[in-house]
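A look at the structure
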Amino acid sequence: MSDPILVVRGGRRLEGEVTLQGAKNAALPLMAASLLFTSPVVLEGVPRVEDIRTMEQLLRDLGAEVTWKNAHTVHIHAAHLRDNRAPYEIIRRMRASIYVLAPLLARLGEAWVSYPGGCAIGPRPIDFHLQGLEALGARIQVSHGEIHAEVQAFQGGTFTFPRKSVGATIQLLFAAAMARGAVRLSNVAREPEVRQVVDFFRSAGVRITDLGPDTLLVEAPEEGLSPPGPVQIIPDRIEAGTLLTAAAITGGQVTVHRARADHLPSVLDTFREMGCTVKEFEDRIELQAPSPENLRPFRIFTEPFPGFPTDLQPQFLALATQIPGRSVIREGIYPHRFHHAEELRRLGARVEVEDGTATVEGGTPLTGAPVEGRDLRGTAALVLAGLAADGETHVSGMEHLLRGYEAFPEKLRQLGAELEWV
Ligand code: EPZ
């Protein structure tokens, strides 16, 4: 079957209430972390998206039993691992498969993991993962596109991340939670998903002390990890930001249940600066937007948390096309993450990209056309643009979007959007 295309009929103002899924980028590392335990780990609120299915398949291939107890609760039991390889077929589908490296090493002493290549959002090296694991005692060789790593046991030590990295911080937390001796990690990433991994290990008996804003001291329990109770995955802040942007681009009004303002500080600030009304509650966020022609243009710079997230840059670029005046969007994480800009031009957007910065002369009408997404968030941005475009926008590449958003068209439809699969 060919990949599905989503037809978006623009011009509807979105209004209503939606509820967030659990965060894909928190569930993926916790699924990999389950490999460190010989008793079952229970994760609740796991989104049923393609990347989760890929991780599920990988864990099964390695020997874990993965059982869904209901739509969003998964039991992972890794009593016996039978394989220590993450092959290219899996890694090329999902880079987060690299998360099994430290758990496999800790459990089996040796692992083979295919070396991830570039991807649609540009180069995404994993050198910090490998340097950090070496600092804790692993021996690593890369040849023929494969990482071969060995360790007798992870040792205590120190590692300073050359720049903040979500994935490398999490990888090193896995190793540190199994290390013989204290591990000091400096310049760690502070994204909410990283914090969830920290909390997970704390509940498994690991002592993790904040030695400053960006430094953690990790002390593994001598008796080994104890199985944590069921873990509720945090709500997906990127899905929240995407739905809020969908409301803003149509001049709508939306209540996003489960959304946490403390996970979206710079995003909510940007909405307010452009003229939206944002109300924060403990269990939800409400946003009310005037018609985009009455919003003010904005400047954003994507950075590690609590800065503006790169995973919402494409969606905000789509929004900027509808706001009169010049908006400027600088990519501080992935300077090449701008494929969606070219596609937005096909709809009538005036956007120029140079040196990792997009300049948008907004307020031009968009007219529906076929467009193609090449990556997860970029495809979401094209759907949002379709909501504001005159006529029909046919979005292909929807398989990318389905890697990370569960029931996304259905949620938009619930808010009054007109969309259908062909
Ligand atoms: C995570 O990727 C997310 N993925 C990404 O979300 C997100 O865009 C990214 O963090 C940034 O927030 C998951 O959580 C599964 P990084 P990750 O290591 O961990 C450089 C989505 O749409 N770097 O924080 O791979 C790197 O090139 C995805 O859901 C190195 O140089 O990102 C980047 O410039 C896309 N060497 C910066 O650090 C390394 O060894 C931050 O990347 C590692 C990273």
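For every chain, the first residue of its written sequence is number 1, and the numbers climb from 1 along that sequence. Where totals are concerned, whole chains, interfaces and linings use all residues; where local detail is concerned, this predicted model gives features only for residues with pLDDT of at least 70, and gives and counts side-chain atom pairs only at 80 or more. Remark: hydrogens and water are excluded; side-chain values derive from all non-hydrogen atoms of the structure.

**Side note on the overall build of the protein**
Secondary structure elements follow DSSP: runs of H or I of four or more residues count as helices, runs of E of two or more count as strands, with numbering from the N terminus. Scanning the protein from terminus to terminus reveals 14 helices and 24 strands. To get the radius of gyration, use the C-alpha atoms; to get the globule rule, take the number of residues to the power 0.38 and multiply by 2.2 Å. By the compact-globule yardstick of 22 Å for 422 residues, the protein fits well, its C-alpha radius of gyration being 22 Å. Based on the C-alpha atoms only, the size of the protein along its principal axes is roughly 60 × 50 × 40 Å. Here the protein holds 422 residues, and 57% of them are scored as buried. Across the protein, every contact between residues at least 6 apart in sequence was considered, and the portion connecting residues at least 24 apart equals 72%. To be clear on the numbers: accessible area is Shrake-Rupley with a 1.4 Å probe, and residue cover counts the displayed protein chains and nothing else. When the accessible surface of the protein is split by element, carbon and sulfur atoms take 46% of a total near 16,600 Å². Here the term buried applies to any residue with accessible area under 20% of the maximum for its type, exposed to any over 50%, and partly exposed to those in between, with areas from a 1.4 Å probe on protein chains only. Whether two residues touch is decided by their heavy atoms; if any such pair falls within 4.5 Å, the residues are in contact.

**Things to note about the layout of surface pockets**
The space that makes up the second largest pocket amounts to roughly 310 Å³. Only protein atoms enter the calculation, which uses a 1 Å grid: trapped sets of points that fit a 1.4 Å probe without letting it out are cavities, open sets showing protein on both sides within 12 Å along at least five of seven lines are pockets, and any residue with an atom within 4 Å of a point is a lining residue. Lining the second largest pocket are 18 residues; nearest its centre among them are Met178, Ala179, Arg180, Ala220 and Pro221. Taken together, the elements giving at least two residues each to the lining of the second largest pocket come down to helix H4 (101–108) and strand E11 (180–186). Grid points are joined across faces, edges and corners, and a volume is the space filled by probe spheres set on the points.

**Topic: the domain arrangement of the protein**
Note that the domain bounds reflect an automated or database-derived domain assignment. Along its sequence, the protein is carved into domain 1 (6–21 + 235–421) and domain 2 (24–232). The C-alpha-based centres of domain 1 and domain 2 are spaced at 31 Å. Buried area: the accessible area, evaluated with a 1.4 Å probe, that two parts lose upon being put together, summed over both parts. Across the domain 1 to domain 2 interface the summed buried area is about 1,800 Å²; carbon plus sulfur atoms make up 51%. Sorting the residues of domain 1 by area buried against domain 2 places Phe305, Arg403 and Glu406 first, and these three jointly supply 33% of that buried surface. Aspartate 51 is the salt-bridge partner of arginine 403, the closest N and O atoms lying 2.7 Å from each other. Polar contact is defined as a pair of N or O atoms within 3.5 Å, subject to the rule that within protein one atom must be able to donate a hydrogen and the other to accept it, and that residues adjacent in sequence are counted only when both atoms are side-chain atoms. Seen at the junction of domain 1 and domain 2, the total is 10 residue pairs in polar contact (both at pLDDT 80 or more). Note on definitions: salt bridges are taken to be side-chain nitrogens of Lys or Arg within 4 Å of carboxyl oxygens of Asp or Glu.

**Concerning the packing of aromatic side chains**
Any Phe, Tyr or Trp ring, taking Trp's six-membered ring, that has another such ring centre within 6.5 Å forms a pair; planes under 30 degrees apart are called stacked, those over 60 apart edge-to-face, and the others tilted. Scanning all chains against the criterion turns up 9 aromatic pairs. Consider the rings of phenylalanine 298 and phenylalanine 316, whose centres lie 5.8 Å apart with planes at 80°: the pair is edge-to-face. Taken together, the residues span a long stretch of sequence, with phenylalanine 298 in the loop between strand E17 (284–288) and strand E18 (299–301) and phenylalanine 316 in helix H10 (residues 313–320) at a distance of 18 residues. One exposure class covers both phenylalanine 298 and phenylalanine 316, and it is buried. For the pair phenylalanine 308 and phenylalanine 316, a centre-to-centre distance of 4.9 Å together with 80° between the ring planes defines the contact as edge-to-face.

**Quick word on the sheet that holds strand E20 (residues 351–354)**
A strand pair is defined by DSSP finding two or more bridges across the two strands. Read across the open sheet, the 4 strands follow the order E18-E19-E21-E20; overall the sheet is mixed. At either margin of the open sheet sits one strand with a lone partner, and together these are E18 and E20. Here the strands of the sheet are splayed against their neighbours by 10° on average, with no regard to which way each runs. For every element, the axis is a line fit to its C-alpha atoms; helices are fit only across the contacting stretch, and the angle between N-to-C directions ranges from 0 to 180 degrees.

**A look at unusual backbone geometry**
For the bond running from phenylalanine 305 to proline 306, omega is 10°, close enough to zero to count as cis. Relative to the assigned elements, proline 306 resides in the loop between E18 and H10. The residue asparagine 187 is not glycine, and still its phi comes out positive at about 60°. Position of asparagine 187 among the secondary structure elements: in the loop between E11 and helix H7 (192–203). Residue class for asparagine 187 comes out partly exposed when judged on its relative accessible area of 21%. A positive phi angle is found at aspartate 355, which is not glycine, with a value near 50°.

**Topic: the packing of helix H8 (residues 237–249) against H10**
In contact at an axis separation of 10 Å, H8 and H10 are set at 5° when each is read in the N-to-C sense. Compared by their axis directions, H8 and H10 come out roughly parallel. Taken together, the residues of H10 that come into contact with H8 (itself represented by Ile238, Thr242, Thr245, Ala248 and Ile249) are Gln315, Phe316, Ala318 and Leu319. In this classification, Asp, Glu, Lys and Arg are treated as charged, Ala, Val, Leu, Ile, Met, Phe, Trp, Tyr, Cys and Pro as nonpolar, and every other residue, Gly included, as polar. Residues that form the contact of H8 with H10 fall into these classes: 6 nonpolar, 3 polar and no charged. Put simply, angles under 35 degrees are roughly parallel, angles over 145 are roughly antiparallel, angles from 65 to 115 are roughly perpendicular, and the rest are oblique.

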